[in-house]
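Tertiary structure, described
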Amino acid sequence: MHINNSERLKFRLMDAQDAQALWQIDQDPQVMKYLNGGKPTSMEQVNSVFIPRMEKYRDSKLGWGIWQVSNKLTDEYLGWVLIRPMAFFTDSPNVKDLELGWRFFQSTWGKGYATEAVKNAVVANTDVSHVSALAVADNAGSIGVMKKMGMSFVRAYLHTDPIGDFDAVHYQMSLNS
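Residues numbered from 1 in each chain as written. Predicted model: local features only at pLDDT ≥ 70, side-chain atom pairs only at ≥ 80, totals over all residues. Heavy atoms only, no water.

With respect to the sheet that holds strand β6 (residues 152-159)
Rules: If DSSP finds at least two bridges between two strands, the strands pair. In this description a helix means any DSSP run of H or I spanning at least four residues, a strand means any run of E spanning at least two, and both kinds are numbered starting from the N terminus. All axes here are fitted lines through C-alpha atoms, helices being fitted over the stretch that makes contact, and every angle between N-to-C directions spans 0 to 180 degrees. Two residues qualify as a contact provided that any one of their heavy atoms is within 4.5 Å of a heavy atom in the partner residue.
Taken in spatial order, the seven strands of this open sheet run β1-β2-β3-β4-β5-β7-β6, and their pairing is mixed. Of all the strands in the sheet, just β1 (9-13) and β6 have a single pairing partner and so form its edges. Neighbour-to-neighbour, the strand axes of this sheet turn through a mean angle of 30°, independent of strand direction. As judged from the seven bridges shared by β6 and strand β7 (residues 166-174), these two strands associate in the antiparallel manner. Across the sheet, residue A156 finds its bridge partner in β7, namely V169. Docked against the sheet, helix α3 (residues 43-57) engages β2 (65-71), β3 (77-86) and β4 (94-104), running at close to 50° with respect to β3.

Structure (structure tokens):
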């Protein structure tokens, strides 16, 4: 599966060679505010936690992984979009409901890049019945993207994850309608 370029954006599936780019976006405390309270990620954390975790769900054939999003005209790195099965790090991942996530440089916020990128990721995934996204309840920016996508609120709950639990809101959209 491949994500086609949009009017303004191009996509590339990232891998372990992209550690520097993954680290770079995590250096802005505003980008990290709702992820860990605003603490920049160290290169050691990228290499010892983030990359091995990404490699567990990365599947170029299915399109699962982290997709770099760049400006189609200037090639500027804007951020990334995550695609993986919901509940991937449990005993029963849901391959028919893909979790979408995103992280974009603060300089790109408010320009519609995240919504455009996530919409392109959804269009590329025709073998699934639903797409979902999670955020902390006070992350208005991410929740705004979810709503612009057409996702609806499902529940608020304690999301458990091997790297840390958090109080989450879950939004979802059916792709069968």
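Considering the nonpolar core
Across soluble globular proteins, nonpolar side chains have a tendency to be buried as a group. Filter applied, for reference: Here, the term nonpolar core denotes a set of buried Ala, Val, Leu, Ile, Met, Phe, Trp, Tyr and Cys residues that are joined through side-chain atoms within 4.5 Å. Only protein chains enter the accessibility calculation, which uses a 1.4 Å probe; a residue is then buried when its area is under 20% of its type maximum, exposed when over 50%, and partly exposed in between.
Membership of the largest hydrophobic core comes to 32 residues, with the highest contact counts inside it found for V81, I83, L100, W102, F104, M146 and M151. Breaking this core down by element, the ones donating at least two residues are β1, β2, β3, β4, α4 (113-124), β5 (130-135), α5 (140-149) and β7. Listed in part, the 16 residues of the second largest apolar core include A21, V46, M54 and L82.

Brief notes about α3
Going by this rule: Every helix has an expected span of 1.5 Å times one less than the residues it contains. Bending is quantified residue by residue as the angle between axes fitted to the seven-residue window ending at that residue and the seven-residue window starting at it.
Taking 1.5 Å of rise per residue, the 15 residues of α3 would be expected to cover 21 Å, and the 21 Å separating its terminal C-alpha atoms lies within 8% of that figure. Of all bends in α3, the biggest is about 30°, found at F50, and the proline P52 comes one to four residues later. Taken together, the buried positions of α3 are V46, F50, I51, R53, M54 and Y57. Buried residues belonging to α3 abut α1 (19-25), β2, β3 and β4.

Things to note about the pairing of β4
Among the eleven residues of β4, eight are classified as buried, and the element is accordingly described as predominantly covered. As paired strands, β3 and β4 are joined by eight bridges and run antiparallel to one another. Across the sheet, the residue bridging to I83 is L100, located in β4. Alignment of β4 against β5, held across three bridges, turns out to be parallel. Opposite D97, over in β5, you have H130 as the bridge partner.

Focus: the packing of aromatic side chains
What counts, and what does not: Aromatic rings from Phe, Tyr and Trp, with only the six-membered ring used for Trp, were paired whenever their centres fell within 6.5 Å, and each pair was classed as stacked if the ring planes differed by under 30 degrees, edge-to-face if by over 60, and tilted otherwise.
On inspection of all chains with the given rule, the structure shows six aromatic pairs. Seen from their ring centres, Y57 and F89 are 6.1 Å apart, and the 80° between their planes marks the pair as edge-to-face. Taken together, the positions of Y57 in helix α3 and F89 in the loop between β3 and β4 put the pair 32 residues apart, joining distant regions of the chain. Exposure remark for Y57: the relative accessible area of 5% places this residue in the buried category. You can call F89 partly exposed: its relative accessible area is 25%. Here F88 and F89 contribute two aromatic rings whose centre-to-centre distance is 5.1 Å and whose plane-to-plane angle is 85°, an arrangement assigned as edge-to-face. Ring pairs connect the aromatic residues Y57, F88 and F89, which therefore count as one cluster.

Just geometry here; none of it tells us what the structure is for.
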